[in-house]
Amino acid sequence: MQALTSSRVAGFSRPAARVAARRSAVAVQASTRPLWQPGTTPPAHLDGSMPGDFGFDPLNLGVNKDALEWYRNAELQNGRWAMLGVAGILFPAELTRQGLLNVPDWADAGRVYNDSEGAIPFSSLLMVQFFLFNFVEIKRWEDMKKPGSQAEPGSFLGFESSFKGTGVSGYPGGPFNPLGLGNSSEESMTDFKWREIRNGRLAMVAFLGFAAQHAATGKGPIDNLVEHLADPWANNFCSNGVSVPITIF
């Protein structure tokens, strides 16, 4: 009788032990999750499921689920534009410095074009961009509300299949991923999503740095870098007269 009772107790204890083991594994996984500040407890609405989620939301802007989805898409789009912008600043500047291209500095390019003969008026360019961006943003907003809805027949003059997307807003795939990056597996796609959002964040910070740098020195990032490398002690943030109000060297 005692042996039977012991056997039943052991039988019940094994499922309990398995549950405890699973909980322990989840706790370990949560504790090893990369966070913007190690040791902190991430907000409940940031569970680590989104690419680039390091538990950073000090103002709790993402508590509202719909708002969080909008912020995720907004950051993704701004990061992509920033990466294009940073590349469009650096590469032409370096090619011009090497004598392979002849274009104005990024901060002067718009003015130079506007003053050139036959230039399209700025007001006309602004209105065209306004209408085009309005169209794209509305399509993106509708896809956020109902993923895949922009592929419904009659939604865009017979070109609906181009807007079908992957079922996840912000990642259209198809013709918008011509190299098929990440299509080999779900793990590969997740890895590319993480890479993209981290590089996008870096590009946004870099562009702010380029703007501040030009305001302080009147030069582009390539020229500033070359001057700094040539004479680091004479060309740095302490000597531009703006970053540090009083020159200390």
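Under an unreviewed UniProt entry, the name given to the protein chain is Chlorophyll a-b binding protein, chloroplastic, and the source organism is Micractinium conductrix. In UniProt, the protein chain has this text filed under Sequence similarities (unreviewed entry): "Belongs to the light-harvesting chlorophyll a/b-binding (LHC) protein family." Listed in UniProt under the heading Subcellular location (unreviewed entry), the comment for the protein chain reads: "Plastid, Chloroplast thylakoid membrane".

On to the UniProt feature "binding site: chlorophyll a" (unreviewed entry) in the protein chain. Feature annotation in UniProt assigns "binding site: chlorophyll a" (unreviewed entry) to the following positions: E75, E196, N199, R201, Q213 and H228. The topology assignment puts R201 in helix α5 (residues 186-217). Owing to a relative accessible area of 24%, R201 belongs among the partly exposed residues under this scheme. Residues in contact with R201, not counting those within four places in the same chain, are G52, F54 and E75. Within the secondary structure, Q213 is located in helix α5. Those residues in contact with Q213 that sit more than four places away from it in its chain are G218, K219, P221 and N224.

Moving on to the environment of F192. Considering the arrangement of structural elements, one finds F192 in helix α5. According to the relative accessible area criterion, F192 is partly exposed, its value standing at 28%. Taking C-alpha positions, F192 is 9.2 Å from P51, a pair spaced 141 residues apart along the chain. Residues contacting F192, with those up to four places away along its chain left out, are L181 and G182.

Attention now moves to the UniProt feature "binding site: chlorophyll b" (unreviewed entry) in the protein chain. Per the UniProt entry, the sites bearing "binding site: chlorophyll b" (unreviewed entry) are R80 in this numbering. Secondary-structure assignment places R80 in helix α2 (residues 65-97). Not counting chain neighbours up to four residues away, the residues in contact with R80 comprise G170, Y171 and E196.

Mapped onto the elements, S169 comes out in the loop between α4 (122-145) and α5. A distance of 3.3 Å separates polar atoms of two side chains, one belonging to S169 and the other to N73. Contact partners of S169, with chain neighbours within four places excluded, come to E69, R72, N73, D143 and M144.

Okay, the nonpolar core next. A82, V86, I89, A203 and F210 form the largest nonpolar core, which has five residues in total. Here this core takes three residues from α2, the largest share from any one element. Here A82 is in contact with G200, A203 and M204, once residues within four sequence places are set aside.

This part covers the environment of E137. Locating E137 in the fold gives a position in helix α4. A distance of 2.6 Å separates a polar atom in the side chain of E137 from a polar atom in the side chain of R140.

With 24 residues, α4 should reach 34 Å at 1.5 Å per residue; the first-to-last C-alpha distance of 34 Å fits that figure. K139, R140, D143 and M144 are the residues of α4 that are buried.

So, on to the pattern of salt bridges. Following the criterion strictly, the structure yields ten salt bridges and no others. When the shortest N-O distance is used, the salt bridge between K145 and E142 registers 3.3 Å. Placement of both K145 and E142 in helix α4 is noted, with a separation of three residues, approximately one turn of the helix. By relative accessible area, E142 is classed as partly exposed at 29%.

All right, on to a nonpolar patch on the surface then. Side chains of L59, L61, W70, Y71 and W141 sit close together on the surface and give an oily, nonpolar patch of about 510 Å² of accessible area. Within the element layout of this structure, L59 appears in the loop between α1 (2-31) and α2. L59 sits in the exposed class, given a relative accessible area of 66%.

One non-glycine residue with positive phi stands out, namely N60, at about 55 degrees. With respect to the helices, strands and loops of the structure, N60 is situated in the loop between α1 and α2.

A few words now on the packing of aromatic side chains. Any two aromatic rings considered together are summarised by their centre-to-centre distance and by the angle between their planes. Taken as a whole and assessed by the stated rule, the structure comprises six aromatic pairs. Judged by centre distance (5.8 Å) and plane angle (35 degrees), the rings of W81 and F133 are tilted. On the criterion of sequence distance, the pair formed by W81 in helix α2 and F133 in helix α4 is long-range, its members being 52 residues apart. Overall, F133 belongs to the partly exposed group, its relative accessible area being 39%. Over the ring of Y171 we find K193, and its NZ or CZ is 4.4 Å from the ring centre. The ring of F192 is capped by R195, whose NZ or CZ atom sits 5.3 Å from the centre of that ring.

Cut-off values and rules
Residues numbered from 1 in each chain as written. Predicted model: local features only at pLDDT ≥ 70, side-chain atom pairs only at ≥ 80, totals over all residues. Heavy atoms only, no water. UniProt positions renumbered as here; feature names shortened; annotations may be inferred. Helix = DSSP H or I, 4+ residues; strand = E, 2+ residues; numbered from the N terminus. Buried < 20%, exposed > 50% of the residue type's maximum accessible area, 1.4 Å probe, protein only. Contact = heavy atoms within 4.5 Å. Polar contact = N/O pair within 3.5 Å; in protein donor to acceptor, adjacent residues only side chain to side chain. Core = buried A, V, L, I, M, F, W, Y, C linked by side-chain atoms within 4.5 Å. Expected span 1.5 Å × (residues − 1). Salt bridge = Lys/Arg side-chain N within 4 Å of Asp/Glu carboxyl O. Patch = residues over 30% accessible without salt bridge, like charges linked within 9 Å, V, L, I, M, F, W, Y side chains within 5 Å. Areas by Shrake-Rupley, 256 points an atom, 1.4 Å probe, with all protein chains shown as cover. Phe/Tyr/Trp six-rings, centres within 6.5 Å; stacked < 30°, edge-to-face > 60°. Lys NZ or Arg CZ within 6 Å of the ring centre and 35° of its normal.

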